[in-house]
Amino acid sequence: MKRYRTVGWSRRIGYRLLPGDGYSYVLHLRPREWPIVAAHTLFGFLLAIPESPDVIGRWPEALGGVLLFVVFLNGGTLAINSAFDRDEGDVGYLDAPPPPPRHLFAFGTVLMASGLLLAALLLPAPFAIVYAACVAMSLLYSVPPFRWKAVAGLDLVINAAGFGTLTALAGWTLADLPLSTWALTILLAFGPLFAALYPLTQLYQLDEDRARGDRTLALALGMRTSLIFSLMMAALAFVLLIAGLRAGPSGDLWPLILVPAALWFALLFRWLARYAVMSPSDHKRGMYHALQAWALTNAAVLAAVLL
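Residues numbered from 1 in each chain as written. Predicted model: local features only at pLDDT ≥ 70, side-chain atom pairs only at ≥ 80, totals over all residues. Heavy atoms only, no water.

Engineer: In this structure, what is going on with a nonpolar patch on the surface? I would like to understand it.
Structural biologist: Taken together, the side chains of Trp9, Ile13, Leu17 and Leu18 present a nonpolar region at the surface, about 450 Å² in accessible area. In this fold, isoleucine 13 is placed in helix 1 (residues 9-17). Classification of isoleucine 13 by relative accessible area gives partly exposed; the value is 39%. (Patch = residues over 30% accessible without salt bridge, like charges linked within 9 Å, V, L, I, M, F, W, Y side chains within 5 Å. Areas by Shrake-Rupley, 256 points an atom, 1.4 Å probe, with all protein chains shown as cover. Salt bridge = Lys/Arg side-chain N within 4 Å of Asp/Glu carboxyl O. Helix = DSSP H or I, 4+ residues; strand = E, 2+ residues; numbered from the N terminus. Buried < 20%, exposed > 50% of the residue type's maximum accessible area, 1.4 Å probe, protein only.)

Engineer: Explanation requested: unusual backbone geometry in the structure shown.
Structural biologist: With glycine set apart, most residues show a phi of negative sign, and most peptide bonds adopt trans. In this model, proline 144 is joined to proline 145 through a cis peptide bond whose omega is 5 degrees. Topologically, proline 145 is positioned in the loop between helix 6 (125-142) and helix 7 (154-173). Even without glycine at this site, alanine 96 takes up a positive phi of about 45 degrees. Its location among the elements puts alanine 96 in the loop between helix 4 (59-85) and helix 5 (104-122).

Engineer: Mind showing me how you'd approach the pattern of salt bridges here?
Structural biologist: Summed over all chains, the structure comprises six salt bridges. Salt-bridge contacts for lysine 149 lead to aspartate 85; the nearest nitrogen and oxygen are separated by 2.4 Å. On the criterion of sequence distance, the pair formed by lysine 149 in the loop between helix 6 and helix 7 and aspartate 85 in helix 4 is long-range, its members being 64 residues apart. Residue lysine 149 is classed as buried on the basis of its relative accessible area of 9%. What makes aspartate 85 buried here is its relative accessible area of 5%. Notably, a salt bridge pairs arginine 285 with aspartate 282, separated by 2.9 Å at the nearest N-O pair. Separated by three residues within a single helix, arginine 285 and aspartate 282 lie in helix 13 (residues 280-306), roughly one turn from each other. Exposure remark for arginine 285: the relative accessible area of 44% places this residue in the partly exposed category. Each of Arg32, Asp95 and Lys284 takes part in a single network of salt bridges with overlapping partners.

In structure tokens form, the structure reads like this:
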């Protein structure tokens with residue numbers, strides 16, 4: 001039996017339950033990534049609580065919006081991405097990826113479009129607008145002839161804006177409140193923070209991206225410059241986070257953000273010192289450590305705002 005069908009008990013069960021390539025469609029949605037996206041979307045919703053106690057009463061809409069954003073939009077985006085990338089090596093949150101099924105592009109497109117329709121019918125208009133913007137960005141990112149993921153710089157802009165800022169903004173729109181200046185500053189800060197993370201997601205895939213002809217940001221910059229760039233973007237992000245928190249409802253608690261800041265800079269400086277002797281698996285491990293630092297950043301911001 002092919003290896004991608006037997007990596008872990010969940011795949012062995014999944015391919016038995018869904019005949020043929022059915023479970024491959026599920027895997028290409030990358031469900032292991034869903035908790036990360038869900039947490040960042042919910043982060044935006046929770047950030048709005050100090051603005052009005054009525055936000056708590058909107059939990060049903062919030063959970064519905066998170067479901068649409070995570071499974072329909074993010075899952076559909078990753079399915080479309082896989083349909084054109086045809087990765088053979090490990091990618092983020094999908095080890096030993098199965099060959100893309102024949103109708104994966106159509107499947108991802110229908111999933112995203114269905115989510116947009118449900119968002120327009122059931123949820124606040126600003127959420128549907130953010131969702132639609134992310135759909136457009138997803139298509140520009142993955143689909144030829146645009147395929148901005150293969151254009152150094154444009155790949156960064158799409159990811160920093162889409163996952164960094166718009167994902168959390170979508171969560172805020174589910175609270176159905178005007179966007180405060182302090183909150184806008186915090187949401188914008190996650191743009192450069194994702195710009196810091198983005199090259200780290202590419203360092204262990206340089207050989208495969210080079211063979212495919214993609215001109216990713218990490219390939220264009222090189223490994224050392226990519227890490228320096230990540231350090232600069234992280235510094236900008238934490239400057240904005242400090243500014244937003246100090247202007248927010250619990251301004252005295254802004255020093256809480258220094259905990260994840262220390263973790264980010266310790267990780268990146270150590271990576272910069274050791275990159276020349278690190279294997280692809282070491283770079284992959286470092287990427288997952290950076291995602292943990294991202295989660296801690298979300299938690300520290302919420303603690304500073306809500307306590």
